[in-house]
Amino acid sequence: MIQRLLKSVVLIGSLWLVSCGDPFVPESDWPEASPAIWEVTAPSGGKGWVFGTVHALPDDLYWGTPLLDETFASAGVVVVEVANLDDPSGMGLFADLSETPGQPPLLDRVEPDERPALRELIEDADMSGTDFGRVESWAAAMMLSGEVRTGDPANGVDRVMIHNAGEVIGLESFAAQLGMFDTLSQAAQSDLLYGVARSHEANSDQEMLIAWLTGDEDVLASHVNNSLQFSPELRRVLLTERNARWVPRIAELIEARRRPFVAVGAGHVIGEEGVVAMLDRRGYEVRRIQ
């Protein structure tokens, strides 16, 4: 059981590398790539860029563009959520935090009208409610999401950026990320569990990926709002408070003329509570360039 649990959250596997030469775009059924990039300029003249990422992608989704390559190459430092995705201590930490004996049946952890969607998710993940007798609800949500998601973490944008960067700065540690989930209230963990089930029921993964790939901010924002609107605590802990912690660090790097290329999850970038809007309100000139 523990091996399957770890498989759901630890990002392992080979990299798809961005070409440094002429762009090569293999045949694909996905739309032409144009994911959003923002250029951020400080009143003092310092520059940086913000790029929303997706942590898991299908093998045949190609997202590189000449402008993205050019912008990435001109950056002085790459800024991501977690710099060391393969930290071996993270596996043990997840196992330690995620398990508490005596958990109630998984279906009992959501409201009665939410149970059909959760039951479908468990079945599609080829798992059983009895698999989660020791697993806390936030971890169960991660495990189930990992089993049914469209993409593979081995193809995650963050991995490509980290692999190709000269210097990488992480805004958080793996331990801090897990700690956020582990300290959620039981109600918020239940909301997270149902949110994963509801997204799976709506089959929204592909729509979200297309919106990200084509730079459709409105559709992306709709997905973020739909996933968090029913839980103010999840929105606060997982989105707005993190963005508010990150923005001063990003601003400091821009002011120091480090030319940061900020690559964080797409949900953190868009909307009025996103990193881009927060930088704009701090007096930075923000311009979408792709």
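Refer to the preceding data block for the structure.
### Quick word on the sheet that holds strand S5 (residues 260–265)
(1) Moving on: What the 6 strands build is an open sheet, ordered S4-S3-S5-S2-S1-S6; its pairing is mixed. Either end of the sheet is taken by a strand with one partner, and the two such strands are strand S4 (168–172) and strand S6 (285–288). Between one strand axis and the next, the sheet turns by 25° as a mean value, whatever way the strands run.
(2) Moving on: Of the strand pairs in this sheet, strand S1 (residues 37–41) and S6 are connected by 4 bridges, and their pairing is antiparallel. Bridge pairing in S6 places Trp38 opposite Arg288.

### Focus: the nonpolar core
(1) Moving on: Judged by nonpolar contacts, the single largest core of 87 residues is most densely connected at Phe51, Trp63, Leu118, Leu144, Met161, Trp212 and Phe261.
(2) Moving on: The element best represented in this core is helix H11 (residues 232–255), accounting for 10 residues.
(3) Moving on: In this structure, Leu118 is in contact with Leu106, Leu107, Val110, Leu144, Leu193 and Ala197, ignoring residues within four places of it in sequence.

### Re the pairing of strand S2 (residues 47–53)
Strand residues, when the strand is regular, have side chains that alternate between the two faces of the sheet.
(1) Moving on: Most of S2 sits out of view: 6 of its 7 residues are buried.
(2) Moving on: Pairing geometry for S1 and S2, over 5 bridges, is antiparallel. Directly across from Glu39, in S2, lies its bridge partner Trp49.
(3) Moving on: The antiparallel pairing of S1 with S2 creates a hairpin that spans 5 residues between the two strands, and Gly45 there sits at a positive phi of about 105°.
(4) Moving on: Bridge count between S2 and S5: 5 bridges; the pairing is parallel. Across the sheet, residue Trp49 finds its bridge partner in S5, namely Phe261.

### Some thoughts on the packing of aromatic side chains
(1) Moving on: Counting across every chain of the model gives 8 aromatic pairs.
(2) Moving on: Plain terms: the ring middles of Phe94 and Trp138 are 5.5 Å apart, the flat faces sit at 80° to each other, and that makes the pair edge-to-face. A residue pair is termed long-range when its members are at least 10 positions apart, and Phe94 in helix H3 (residues 88–98) and Trp138 in helix H5 (residues 137–148) qualify at 44 residues.
(3) Moving on: With a relative accessible area of 0%, Phe94 lands in the buried category.
(4) Moving on: The exposure class of Trp138 is buried, given its relative accessible area of 0%.
(5) Moving on: Members of the aromatic cluster, joined through ring pairs, are Phe51, Trp63, Phe72, Trp212 and Phe261.
(6) Moving on: Cation over ring: Arg288 sits above Trp38, and NZ or CZ is 5.8 Å from the ring centre.

### Some words on the environment of Pro58
(1) Moving on: Tracing the backbone shows Pro58 in the loop between S2 and helix H2 (66–74).
(2) Moving on: Linking Pro58 and His163, residues 105 residues apart in sequence, is a C-alpha distance of 18 Å.
(3) Moving on: Setting aside anything within four residues of it in sequence, one finds Pro58 in contact with Trp30, Thr150, Gly151, Asp152, Asn155 and Leu209.

### Here's the deal with the packing of H3 against H5
(1) Moving on: Axis separation between H3 and H5 bottoms out at 9 Å; the angle between their running directions is 130°. When the axis of H3 is compared with that of H5, the two are oblique. Each of Phe94, Leu97 and Ser98 in H3 lies in contact with H5, whose residues at this interface are Trp138, Ala139 and Met142.

### Quick look at unusual backbone geometry
(1) Moving on: At Arg257, a position not held by glycine, the phi torsion is positive, near 60°.
(2) Moving on: By secondary structure assignment, the location of Arg257 is in the loop between H11 and S5.
(3) Moving on: A relative accessible area of 51% means that Arg257 is categorised as exposed.
(4) Moving on: The backbone of Arg259 sits at a positive phi, close to 55°, despite the residue not being glycine.
(5) Moving on: In this fold, Arg259 is placed in the loop between H11 and S5.
(6) Moving on: A relative accessible area of 32% means that Arg259 is categorised as partly exposed.

Calculation criteria
Residues numbered from 1 in each chain as written. Predicted model: local features only at pLDDT ≥ 70, side-chain atom pairs only at ≥ 80, totals over all residues. Heavy atoms only, no water. Pairing = 2+ DSSP bridges. Helix = DSSP H or I, 4+ residues; strand = E, 2+ residues; numbered from the N terminus. Axes fitted to C-alpha atoms, helices over the stretch in contact; angles between N-to-C directions. Core = buried A, V, L, I, M, F, W, Y, C linked by side-chain atoms within 4.5 Å. Buried < 20%, exposed > 50% of the residue type's maximum accessible area, 1.4 Å probe, protein only. Contact = heavy atoms within 4.5 Å. Phe/Tyr/Trp six-rings, centres within 6.5 Å; stacked < 30°, edge-to-face > 60°. Lys NZ or Arg CZ within 6 Å of the ring centre and 35° of its normal. Parallel < 35°, antiparallel > 145°, perpendicular 65-115°, else oblique.

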